[in-house]
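Overview (structure and organization)
What follows is the residue order along each chain.
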Amino acid sequence: MTKTTHHPLEWIDQELASLDRQWLRRHLATRQGKQSSQIVLDGQELVNFGSNDYLALAADPRLADAAGAAAREEGWGSGASPLVTGRSETHQRLEQRLAEFEGTEAALVFSTGFAANAGTIAALVGPGDVVFTDRKNHASLWDGCRLSRADVRAYRHADCDQLERLLEKAGGYRRRLIVTDSLFSMDGDLAPLPVLCRLAERFDAMLMIDEAHATGVFGVHGRGVAERPELEGRVHVRVGTLSKALGSIGGFVVGSRSLVDWLVNRARPYVFSTAPPGPAAAAAIAALDVVRDEPERRETLLARAHVLQGRLMCQGWDVFRTHSQIIPVIVREPQRAMQLAAALGERGLFVPAIRPPTVPDGEARLRISLTCGHTPEMIEQLVEALEELR
Ligand SMILES: *Cc1c(COP(=O)(O)O)cnc(C)c1O
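Definitions and cut-offs
Residues numbered from 1 in each chain as written. Predicted model: local features only at pLDDT ≥ 70, side-chain atom pairs only at ≥ 80, totals over all residues. Heavy atoms only, no water. Near = heavy atom within 4 Å. Polar contact = N/O pair within 3.5 Å; in protein donor to acceptor, adjacent residues only side chain to side chain. Areas by Shrake-Rupley, 256 points an atom, 1.4 Å probe, with all protein chains shown as cover. Helix = DSSP H or I, 4+ residues; strand = E, 2+ residues; numbered from the N terminus. Nonpolar A, V, L, I, M, F, W, Y, C, P; charged D, E, K, R; others polar. Axes fitted to C-alpha atoms, helices over the stretch in contact; angles between N-to-C directions. Parallel < 35°, antiparallel > 145°, perpendicular 65-115°, else oblique. Left-handed = near helix turned anticlockwise from the far one by under 90°. Contact = heavy atoms within 4.5 Å. Buried < 20%, exposed > 50% of the residue type's maximum accessible area, 1.4 Å probe, protein only. Pairing = 2+ DSSP bridges. Domains from an automatic or database assignment. Buried area = accessible area lost by both parts, 1.4 Å probe. Salt bridge = Lys/Arg side-chain N within 4 Å of Asp/Glu carboxyl O.

**Details of the site of the ligand**
- Of all residues adjacent to the ligand, which total 15 residues, the nearest are Asp210, His213, Thr241, Ser243 and Lys244.
- In the model, a nitrogen atom of the ligand is placed 2.5 Å from a nitrogen or oxygen of the aspartate 210 side chain.
- Take serine 243: an N or O atom from its side chain is 2.6 Å from an oxygen atom of the ligand.
- Out of a free accessible area of 370 Å², the ligand has 85% covered by protein chains.
- With three residues, helix α5 (residues 113-124) is the single largest residue contributor to the shell around the ligand.
- Tallied by class, the residues present in the shell around the ligand amount to two nonpolar, ten polar and three charged.

**Things to note about the packing of helix α4 (residues 89-102) against helix α12 (residues 278-293)**
- One can describe the packing of α4 onto α12 by two numbers: an axis separation of 8 Å at closest approach and a directional angle of 30°. With respect to α12, the axis of α4 lies roughly parallel. For the pair α4 and α12, the sense of crossing is left-handed. Judged by residue contacts, Thr90, His91, Arg93, Leu94, Arg97, Leu98 and Phe101 of α4 engage Gly278, Ala281, Ala282, Ala284, Ile285, Leu288, Asp289, Val291 and Arg292 from α12.
- By residue class, the composition of the contact of α4 with α12 is nine nonpolar, three polar and four charged.

**Some words on the pairing of strand β8 (residues 206-210)**
- Among the five residues of β8, four are classified as buried, and the element is accordingly described as predominantly covered.
- Direction of pairing for strand β7 (residues 176-181) relative to β8: parallel, over a ladder of five bridges. Each residue of the ladder has a partner; that of isoleucine 178, found in β8, is leucine 207.
- Pairing of β8 with strand β9 (residues 237-241), which is carried by three bridges, proceeds in the parallel orientation. If you follow methionine 208 over to β9, its bridge partner there is valine 237.

**Section: the domain arrangement of the protein**
- Taken as a whole, the protein is organised into domain 1 (27-49 + 295-389) and domain 2 (61-293).
- With centres defined by C-alpha atoms, the gap from domain 1 to domain 2 works out at 27 Å.
- At the junction of the two partners, domain 1 supplies 20 residues and domain 2 supplies 21 residues.
- Among the residues domain 1 hides against domain 2, the three largest losses belong to Arg298, Ile326 and Arg367. Together they make up 36% of the total.
- Counting every contact that joins domain 1 to domain 2 gives eight residue pairs in polar contact (both at pLDDT 80 or more).
- Taken together, the elements giving at least two residues each to the side of domain 1 that touches domain 2 come down to α13 (296-314), β11 (326-332) and β14 (364-369).
- With five residues, α13 is the single largest residue contributor to the side of domain 1 that touches domain 2.
- Of the residues belonging to the side of domain 1 that touches domain 2, the class tally is nine nonpolar, five polar and six charged.

**Brief notes about the sheet that holds strand β12 (residues 349-350)**
- Taking strand neighbours across the sheet as the criterion, the four strands line up as β1-β2-β3-β12 in an open arrangement whose pairing is mixed. Unpaired on one side and paired on the other, β1 (31-32) and β12 mark the two borders of the sheet.
- Here strand β2 (residues 38-41) runs beside strand β3 (residues 44-48); their pairing, made up of four bridges, is antiparallel. Directly across from glutamine 38, in β3, lies its bridge partner valine 47.

**Re the pattern of salt bridges**
- Under the defined criterion, the tally for this structure stands at 29 salt bridges.
- A salt bridge links arginine 62 to aspartate 60, with the shortest nitrogen-to-oxygen separation between them at 2.9 Å.
- Looking at aspartate 60, the relative accessible area reads 9%, which means it is buried.
- Between glutamate 363 and lysine 136 there is a salt bridge; the shortest N-O distance is 3.2 Å. With glutamate 363 in the loop between β13 (353-354) and β14 and lysine 136 in the loop between β5 (130-134) and α6 (139-148), this residue pair connects regions lying 227 residues apart in the sequence.
- For glutamate 363, a relative accessible area of 22% corresponds to the partly exposed category.
- Taking relative accessible area as the criterion, lysine 136 reaches 23% and is therefore assigned partly exposed.
- Three or more residues are tied together by salt bridges with common partners; here these are Glu102, Glu211, Arg223, Glu232 and Arg238.

Put into structure tokens, the structure is as follows:
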């Protein structure tokens, strides 16, 4: 071995410099005060179009009160993994509420949605099995596919014809699993769930959908995109998050009792990780109360999103018609996305620039996330600023 004179981590500085040159380096910002439609970020006051707090619950006092009461009752930390002593009555109560909310036999709460996805896929398939994944699925689904060591077949975004051809060739595998986001996080569009249900049935595959951006927002009761009588019973594994519209932290899986029992035994992020704090579960229960009692939050949100999309399209922006609260404005080049985000920042508006590798090359964009906390005046301010920058 020859002796090197440089530091073993020196390559990192070179890589970071390379990211800088391509407008691809990311920097952390710090929020002062509450997560809300109006925030202070690195000292600057901004209207915030960059949160997943779709129902404006993250800073709702009802969640803070519920968490505070639970913290005084059971303390903050859970102190152990759920299978040992970490699962409290509050977690159990949340799981019961989630199963009722979703109309399923059982529910299981994970520390994060990421852990729920990665752990569940790896518990459902392994060597000798095959998993079919939409190319635009969330990173946590992809990581679950890789962790599982099953064969992975990626199909073009929402391309059910290609999926069908891949399924036709997969008869020799022990088990087949189809996984998809229900509402795609970067494009804001919806998965073709009716066709996916049919294909799963025809080819004897399990169907798992990730409702992370749809929990609390879509469906008559806020269960998600699959909340339709003709679909709900045909989705075998449904994942949601407590961290976005529900304003807390955690992920959950709902389905049959035996599915949940299997995950308790085999989902490694569940088995080998400390249970999330009970107070976080208490906050999520308070959020489920709001979802039940205040449907106008999700209704207003989707109605306003629809209007905003139409207006941006009229201005000539390349906007996906998504029918959701996630509105991507495609500008292609990372530099253009960064410059537009900066110009909006100067006008008191925070809209994140999304660049590769989060989206494919040539698809850099501004990603507008609307919440029910945005007033018509705030939305007007955004429309006017984008008109000016067009
Ligand atoms: C955010 C997100 C997750 C992860 O959920 P967390 O609770 O934030 O870990 C999973 N899937 C999708 C599609 C997401 O957007």
